[in-house]
Structure formats: C-alpha cells, structure tokens
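A look at the structure
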Amino acid sequence: MSVQSQPSLSGRPSLSAKTLQKYLRQMLTIREFEQLGEREFRNGLIRGYYHSYAGQEAVGVGFINAMDLKRDYIVDHYRDHGHCLLVGIDPSRIFAELFGRASGVSGGKGGSMHMYSAEHHFLGGDGIVGGGLSIAAGVGMALRRQPEDGICVCFFGDGALDTGTFHESMNMASLWNVPTLFICVNNLYSMGTRVNEHSSLSQLVDRAQGYGVKTEQVDGQDVFAVAEAAERIFKYMRQNKRPYFVEALTYRYQGHGIHDKASNYRGVEEEAKWHGRDPIKLLTEYLIAEKVMSGKQIEALRSEVLHELEAKVAEAAAAPLPNPADLTKDVLL
Ligand SMILES: Cc1ncc(C[n+]2csc(CCOP(=O)(O)OP(=O)(O)O)c2C)c(N)n1
Ligand SMILES: [Mg+2]
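Residues numbered from 1 in each chain as written. Chains lettered and ligands numbered in written order. Predicted model: local features only at pLDDT ≥ 70, side-chain atom pairs only at ≥ 80, totals over all residues. Heavy atoms only, no water.

1. A few points about the overall build of the protein
Counting its secondary structure elements, the protein contains 12 helices and 7 strands. Taken over the C-alpha trace, the protein has a radius of gyration of 19 Å; the compact-globule value for 333 residues is 20 Å, and the two agree within 12%. With the C-alpha coordinates aligned to their principal axes, the bounding extent of the protein is approximately 55 × 50 × 45 Å. Within the protein, the proportion of its 333 residues that are buried is 55%. Taking the average place of the 35 positive charges on the side chains of the protein and the average place of its 40 negative ones, the gap between the two points comes to 3 Å. (Helix = DSSP H or I, 4+ residues; strand = E, 2+ residues; numbered from the N terminus. Rg over C-alpha atoms; globule rule 2.2 N^0.38 Å. Buried < 20%, exposed > 50% of the residue type's maximum accessible area, 1.4 Å probe, protein only. Lys, Arg positive; Asp, Glu negative; His and termini not counted. Charge placed at Lys NZ, Arg CZ, Asp CG, Glu CD.)

2. Section: the nonpolar core
Within the largest apolar cluster, 65 residues are counted, with the highest numbers of intra-cluster contacts made by Leu-24, Phe-63, Phe-95, Val-153, Phe-155, Leu-181 and Leu-283. Residues contacting Leu-24, with those up to four places away along its chain left out, are Ile-280, Leu-283, Thr-284, Leu-287, Met-293, Ile-298 and Leu-301. Counting residues in each nonpolar core, the second largest holds 31 residues, with Ala-137, Val-178, Val-195 and Val-205 among its members. (Core = buried A, V, L, I, M, F, W, Y, C linked by side-chain atoms within 4.5 Å. Contact = heavy atoms within 4.5 Å.)

3. Some remarks on the site of ligand 1
Near ligand 1 you find 15 residues, and of these Tyr-78, Arg-79, Gly-159, Asn-187 and Tyr-189 are the closest. A distance of 2.9 Å separates an oxygen atom of ligand 1 from a polar atom in the backbone of Gly-159. For ligand 1, an oxygen atom lies 3.3 Å from a polar atom in the side chain of His-256. Relative to its free-state accessible area of 590 Å², ligand 1 is covered by the protein chains to the extent of 72%. When grouped by side-chain class, the residues that make up the shell around ligand 1 number 6 nonpolar, 7 polar and 2 charged. (Near = heavy atom within 4 Å. Polar contact = N/O pair within 3.5 Å; in protein donor to acceptor, adjacent residues only side chain to side chain. Areas by Shrake-Rupley, 256 points an atom, 1.4 Å probe, with all protein chains shown as cover. Nonpolar A, V, L, I, M, F, W, Y, C, P; charged D, E, K, R; others polar.)

4. Points about the coordination of the magnesium ion (ligand 2)
Every protein donor of the magnesium ion (ligand 2) is accounted for by Asp-158 (OD), Asn-187 (OD1) and Tyr-189 (O), and the metal-donor separations fall at 2.1 Å. Read in sequence order, the donor residues coordinating the magnesium ion (ligand 2) give the pattern D-x28-N-x1-Y. Considered together, Asn-187 and Tyr-189 belong to a single accessibility category, that of buried residues. (Donors = N, O, S within 2.8 Å, 3.2 Å for Na, K, Ca; no water.)

5. Examining the sheet that holds strand β3 (residues 180–186)
Taken in spatial order, the 5 strands of this open sheet run β1-β2-β3-β7-β6, and their pairing is parallel. Where the open sheet ends on each side, the last strands, each with one partner, are β1 (73–75) and β6 (214–219). Neighbour-to-neighbour, the strand axes of this sheet turn through a mean angle of 20 degrees, independent of strand direction. Each of β1, β2 (152–157) and β3 is contacted by helix α5 (residues 131–144), which is oriented at about 170 degrees to β2, the strand it contacts most. Strands β2, β3, β6 and β7 (244–249) of the sheet are contacted by helix α9 (residues 223–240), whose axis makes an angle of about 160 degrees with β6. (Pairing = 2+ DSSP bridges. Axes fitted to C-alpha atoms, helices over the stretch in contact; angles between N-to-C directions.)

6. Overview of helix α1 (residues 17–42)
Between the first and last C-alpha of α1 there are 38 Å, a value that for 26 residues agrees with the 38 Å anticipated at 1.5 Å per step. At the C-terminal side of α1, Gly-44 shows a positive phi close to 90 degrees. (Expected span 1.5 Å × (residues − 1).)

7. Observations regarding α5
Residue pairs spaced three or four apart in an α-helix point in one direction, given the helix's 3.6 residues per turn. Restricting attention to buried positions, one finds in α5 the residues Gly-131, Gly-132, Leu-133, Ala-136, Ala-137, Val-139, Gly-140 and Leu-143. Of the surrounding secondary structure, the elements contacted by the buried residues of α5 are β1, β2, α6 (164–175) and β3.

8. Here we look at the pattern of salt bridges
With the rule as written, the count across this model stands at 19 salt bridges. Taking the shortest distance from any N to any O, the salt bridge between Asp-72 and Arg-238 comes out at 2.8 Å. Here Asp-72, found in the loop between α2 (57–66) and β1, pairs with Arg-238, found in helix α9; they are 166 residues apart in sequence, far enough to count as distant. Taken individually, Asp-72 and Arg-238 each receive the classification buried, so the pair is uniform in this respect. The partner of Lys-241 in a salt bridge is Asp-149, with the nearest N and O atoms 2.8 Å apart. With Lys-241 in the loop between α9 and β7 and Asp-149 in the loop between α5 and β2, this residue pair connects regions lying 92 residues apart in the sequence. For Asp-149, a relative accessible area of 28% puts it in the partly exposed group. (Salt bridge = Lys/Arg side-chain N within 4 Å of Asp/Glu carboxyl O.)

9. Structural notes on the side chain of Asp-80
On the secondary structure map, Asp-80 appears in the loop between β1 and α3 (81–86). Filtering out sequence-adjacent residues up to four positions away, Asp-80 remains in contact with Ser-112, Met-113, His-114, Met-115, Phe-122 and Gly-125.

Structural data, given as structure tokens:
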C-alpha cells in the first residue's frame, strides 16, 4: 500500500464532530509538546536523548482512543512522549521526567525513553529495540487468564522486526492465543537505514503471517482509517482471544533522535511528500471542508494548547531534582 498516493482522508462519517475535535486537540498537543521538548533540549534542560513523535500522531490517537484503559495495557518503545499524553498523564509530569525532576512520571530517573505509569496502565517505554515485545506477550498472557477480556497493546518500530525477540514473541503469542496487539510503526527508517535495506521482505506484515497471526496494514496518516481499524481489531481480539499484528505506515519528521539531522540518508523531496499528507493537515482540511471548525478556530485551539503546555514546562522546570538518597529506590539490585 502506498499511502502517499491517497491525497485526502478516507472520510468515514462514523466519527462525531466532538470526537474529531478531541482527536485534533490531542494531535496538536503532541506536536506542540515535541516542539517544546526539543526547544528545552537545546536550552539544556534535557540531557541525553530525545526521540520525537512528530508526524506519527494519528497512529497513537487512533489506537489509544479505542482502548479501554481500565482493563487494557500499553507496552511501548522509546518514542513514547505522545503515548504518555494520550493515556492521560499530566504533561507537567512528562516534562518533569524529561528534565530529570522528582515529580517526573518515573521519578526523574528514567528520562525520555523510560516513562512509566502503572496507574495509567502504561508499562513503560524501552530503550532496547524490540525490548517490549516479549514483555507485551507476557502481559497479554496474564490478561488472558483474567475475566475482563483485556488487551495488551505493544508499539514498536520497523527496526524491531529484525530482533530475535520479535520471532519468539509472535510464535508464543500465536501458540498460546495471547491477546496482544503488536503495532509496528513503519516510519520507513531504523535510525538511518531504510526499511528496504533492513527487511528481506518488502511487506512487513508477511513477517508476522508466518506465525499464523492475523495482520493488516493501516494508513497511519489518516486518523479515520486508524480509528476504524482499531475499533474493529479490538472487537475481534476480545471475542477471539488472539494476537494481531498491524503495520502502521507513517513518517517521522525529525531525524531518529535530536542529534540526527537525517540529511545524509533521506531527501527533502521525500520529506515534502510526507508533509503533504501530514495527519494534522489532513484532519484540519476535513474539518474545514465539512464546516465542523473554521481555520480561525483551529488556530485558536493551537494557541490554547501551546499556552497550556508552556505553563506545564514552567511547572516542571520549577520542580526539585530527585533526592540522591533515592538513587537506588525502584531499582532491582
Ligand atoms: C537491541 C538494540 N539494538 C540496537 C539499538 C540501537 N538503536 C536504537 S534505535 C534503533 C533504530 C530502531 O528503529 P525503529 O525500530 O524503526 O524505530 P523508530 O526509531 O523508527 O521509531 C537502533 C538500531 C538498540 N537500542 N537496541
Ligand atoms: Mg522506524
């Protein structure tokens, strides 16, 4: 499937105006959050790594809104800030984690890649490529033994398909009927390596099908398409208690991490093409065409979101650093 050949949203009327406005706010929040985060990295408030989710917002919005976070769980990879926002973690606690503050969601000891909130059923980002897959299979197995029909959702990149744990996890999840939804976020690159240079098969879904797992591709730029697929897949999984594999086709706007300019492995033409199908732009155009919101209202919403997030940055920056005495607390020794 070439998502770039589809110029506009698929436009399913099943989503109400209220839902679409909520999705727009969420996508704008993620986009603005990442821009503020990168700004604060450059200002020296954040050290280490920063992997932006900008460009990939519709994938998280479509899937996480379809989850029931009273009974479902997420296991994530390191590109995790947007997902933390979507499960309802206060942005000041996410910024505080990035700033290494005690009020951070992981007590300021995890940083960008290791956000964690059991309370929000968010079982962590992970700096190890593929590291979440077997954990997600295990969580799914535990959920299968409980009466609530819960599902574990695992997000990972195209690069994770090249790890051994991908094959082990798919095999056991299929064999033991584990209700884990494996979402491979194919943003075309694993660091600077293009997907056709690291995957022997051009269709990533084919790599999961070998384990007898149901698969599908979804246009990750189109929030309607993601939301529709998510609702249908969750229904199937709750009824059938089976794993599922989705390849979400999308693009990351920034380099792999904040230190990567991406200019040595991809061109401006490719970037421009994907920006032409930006998930926020597509939804915005749809809302204006359908007279759900005016351009002015959308700009006002963007400013409101930015204003709110700036206050969260200030709150996080004023928070204290962790107590050195807590250094080994929450650490398995
Ligand atoms: C096991 C392991 N091998 C290598 C790395 C180094 N590494 C960090 S990110 C990355 C690329 C992963 O790309 P992908 O899975 O496509 O995710 P994306 O960054 O595109 O979201 C690599 C190779 C690592 N962190 N862990
Ligand atoms: Mg990738």
